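The primary structure of each chain is shown beneath.
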Amino acid sequence: MVFPFNLPTAFMIPTAVAIDSKLPWVGTTIFTVMSKLAADCGAINLSQGFPDFQADPSLFEATMRAMSEGRNQYAPMTGMPELRHAISGKVEALYGVHYDAETEVTVTAGATQALMTSIAAFVRTGDEVIVFAPFYDSYVPSIETVGGKAVYARLNFPDYTPDWEHARSLITPRTRMIIVNSPHNPTGSLLGANDLDALAELTRNTDIVVLSDEVYEHIVFDGAQHRSVAAHPELAARSLVVSSFGKTYHITGWKIGYVLAGAELMTEFRKVHQFNVFSVNTPCQLGIAEYMRDASRHLGLGAFYERKRDFFRAQLQGSRFELLPCRGTYFQLARYDAISDLPDRAFAEWLTREIGVAAIPVSVFYENGRDHRVIRFCFAKQESTLAAAGEKLRRV
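Residue positions are given per chain, counting from 1 as you read along its sequence in written order. The predicted nature of this model means local features are confined to residues of pLDDT at least 70 and side-chain atom pairs, given and counted, to a pLDDT of 80 or more, with totals for whole chains, interfaces and linings taken over all residues. Each side-chain value is worked out from all heavy atoms of the structure, with water and hydrogens disregarded.

Across soluble globular proteins, nonpolar side chains have a tendency to be buried as a group. Of all hydrophobic cores here, the largest spans 114 residues; its most connected members are Ile-87, Phe-245, Phe-321 and Phe-377. If one sorts the elements of this core by residue count, helix α4 (residues 111-122) sits on top with six residues. Contact partners of Phe-245, with chain neighbours within four places excluded, come to Leu-83, Ile-87, His-250, Ile-251, Ile-256, Gly-257, Tyr-258, Ile-288 and Met-292. What makes a nonpolar core is a set of buried Ala, Val, Leu, Ile, Met, Phe, Trp, Tyr and Cys residues whose side-chain atoms join them at distances within 4.5 Å. Relative accessibility under 20% of the residue-type maximum defines a buried residue, over 50% an exposed one, and the middle range a partly exposed one, all with a 1.4 Å probe and only protein chains included. Numbering goes from the N terminus for both helices and strands, where a helix is a DSSP run of H or I of at least four residues and a strand is a run of E of at least two. For this analysis, residues touch if any pair of their heavy atoms sits within 4.5 Å.

Here you go:
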């Protein structure tokens, strides 16, 4: 194509309107920043949470079959029936509770979209949403985009257990939602049965909606059991439960997740979902539905990642990092007090540039940047990657 005029080398379209940003404090996410820094420095990237290994080829084959059979047009807004029924069956087998595939299961374009849509469906201008800090970074921007206000409850350091009395003190007539996350990103902590009972007691006789982020539901260790709010009848009646195939099947780039909720809550969720996404990739949904027929593929995930956790922790034996407990997810927290008194963000940047291993500073998961001198490593990597990182980290 030939243009009839010459464009300047760094041409930029000027802005003709005044912008009153809804999120003036939001910049580029730390995950993008650290991954770019790792690439620029040639560092081993243990920062952003994605595997560096392939998914099972049979999943790709199932998806290709769906494509070859012509299943390439719009899926129903709620998700392909094959996948919704597979999800319903999996949940019933795991948690002993039946969600109707037609009215109580919706397939989403990843978990982050599911979380954003859940918040948009129920939080109005001026409503308050209780979030436990540290927290996954999409929660607060989603709340503020729809005019809500995030209110911050505590996870007690260093075991990151919820402070339920503190949460109770934050409830007001404007509290519309409480967000919980287990297994927890970034800390790897788990909610227990007592925690769910405490949450149920806290929300009893209120109109508070619970949004439960359970994307790492299959990645729990040491014989622990994931406690889903779906399996707690009192909580299930007021909850939306979010999960992710990206985490479960090593396909984060496919961006396919799902939401469970009672029919009345799901009706409201779908009112928003149909206009901000409408439908999700058809052949990938069908490929996942076929792949799910073998339950060992999700039932074996905890043991798979437990071996990686243990391998990575073994690589750091003899280092000066203090490893915190990791009960779930594919993230390992480490204190570096014995190494440096730098703030965690500066330490993470130094570690990437000078040592050649990228991690995430945990202060970015706090609203006030609280800094316990802790960084987060992702161990969803090949053993060769983890061993190479361990060799570098032992020298720090």
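On to empty space enclosed by the protein. To find leftover empty space, one rolls a probe the size of a water molecule over the atoms. A pocket, in this scheme, is an open set of points on a 1 Å grid over the protein atoms alone with protein on both sides within 12 Å along at least 5 of 7 lines, while a cavity is a set where a 1.4 Å probe fits but cannot get out; residues line either one if an atom lies within 4 Å of a point. Grid points are joined across faces, edges and corners, and a volume is the space filled by probe spheres set on the points. Evaluated as defined, the whole model comprises two cavities of 30 Å³ or more. The calculated volume of the largest cavity comes to roughly 140 Å³. Lining the largest cavity are 17 residues, with Phe-132, Leu-155, Asn-181, His-184 and Leu-191 positioned closest to its centre. Counting only elements with at least two residues in the lining of the largest cavity, the list comes to β3 (128-133), β5 (161-162) and β6 (175-181). Considering each element in turn, the lining of the largest cavity owes the most residues, three residues, to β6. Each residue belonging to the lining of the largest cavity can be placed in one class, and the counts come to twelve nonpolar, five polar and no charged. Approximately 30 Å³ is the volume found for the second largest cavity. In terms of lining, the second largest cavity is formed by Val-91, Tyr-95, Glu-214, Glu-217, Ser-228, Val-241, Ser-243, Tyr-258 and Leu-260. Mapped by element, the contributors of at least two residues to the lining of the second largest cavity are α3 (81-95), β8 (239-244) and β9 (257-261). Under the convention adopted here, Pro, Cys and the residues Ala, Val, Leu, Ile, Met, Phe, Trp and Tyr are nonpolar, Asp, Glu, Lys and Arg are charged, and Gly plus all remaining residues are polar.

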